[in-house]
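# Inside the fold
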Amino acid sequence: MKTLLLCSTLLACNAAIAAPDFDARITAAKAAVATRPGFIYDTAMVPAIHHALVPCVPKGNDPARGGDFVLVADVDRSGRASNIDVRPASPLARCFARTFAALTLRPPPLVPGQARYPVVVEMLTKP
């Protein structure tokens, strides 16, 4: 049992070291959106974001009851999202993260040498 706990702790520490900080990922994604190609790409993602959110909101419920959340992800040249993180991880946010991960988005505006494109979805569900 102690070995299992130590291994899981080491894996968690390694993941924390290897993964960029959540706020840094938001900053990188916002910098990408600040470019003309990034703005066009971000705008084109709106229908996909809507498509991913709809199944997560139970019928007859106000989506604002799910609370606000922020999702960050990396999109590869084939339009597949990976390295998805969402905070806070409310039930609505976790559902959105799962459905967003299942989507195939349009290919992002990668620059030469760039393998993945940073995206951020800030869901403000309260009026």
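First things first, this report covers the structure right here in the doc. Because the structure is predicted, anything quoted here is derived from the model rather than measured.

### Notes on the packing of aromatic side chains
Summed over the entire model, instances satisfying the criterion amount to 3 aromatic pairs. Consider the rings of Phe69 and Phe96, whose centres lie 5.5 Å apart with planes at 50°: the pair is tilted. Taken together, the positions of Phe69 in strand 1 (residues 69-76) and Phe96 in helix 5 (residues 91-102) put the pair 27 residues apart, joining distant regions of the chain. The exposure classification of Phe69 matches that of Phe96, with both residues buried. Through a chain of ring-to-ring contacts, three or more aromatic side chains come together here, namely Phe69, Phe96 and Phe100.

### A few points about helix 4 (residues 46-53)
Listed as buried for helix 4 are Ala48, Ile49, Ala52 and Leu53. In an axial view of helix 4, the angular spread of the buried residues amounts to 135°, which keeps them on one side of the axis. Facing away from the buried side of helix 4, by more than 90 degrees, are the exposed residues Val46, Pro47, His50 and His51. Structurally, helix 4 contributes buried residues whose contacts are with helix 5 and strand 3 (116-123).

### What about the pairing of strand 3?
Counting buried positions along strand 3 gives 6 out of 8 residues, so the element sits mostly inside the fold. When strand 1 meets strand 3, the two strands line up antiparallel, connected through 8 bridges. Bridge pairing in strand 3 links Ala73 to Val119.

### Concerning helix 2 (residues 22-33)
Owing to its 3.6 residues per turn, the α-helix brings residues three or four apart onto one side. Relative to the 16 Å expected for 12 residues at 1.5 Å per residue, helix 2 spans 17 Å between its end C-alpha atoms, a close match to the ideal helical length. Those residues of helix 2 not exposed but buried are Phe22, Arg25, Ile26, Ala29 and Ala32. Along helix 2, the residues classed as buried sweep out an arc of 125° about the axis, all on the same side. Among the exposed residues of helix 2, those pointing more than 90 degrees away from its buried face are Asp23 and Thr27. Packing partners of the buried residues in helix 2 comprise helix 3 (36-44), strand 1, strand 2 (81-87) and strand 3. The N-cap of helix 2, judged by a side-chain oxygen 3.1 Å from the amide nitrogen of Asp23 a few residues on, is Asp21.

Rules used in this analysis
Residues numbered from 1 in each chain as written. Predicted model: local features only at pLDDT ≥ 70, side-chain atom pairs only at ≥ 80, totals over all residues. Heavy atoms only, no water. Phe/Tyr/Trp six-rings, centres within 6.5 Å; stacked < 30°, edge-to-face > 60°. Helix = DSSP H or I, 4+ residues; strand = E, 2+ residues; numbered from the N terminus. Buried < 20%, exposed > 50% of the residue type's maximum accessible area, 1.4 Å probe, protein only. Arc of directions from axis to C-beta. Contact = heavy atoms within 4.5 Å. Pairing = 2+ DSSP bridges. Expected span 1.5 Å × (residues − 1). Polar contact = N/O pair within 3.5 Å; in protein donor to acceptor, adjacent residues only side chain to side chain.

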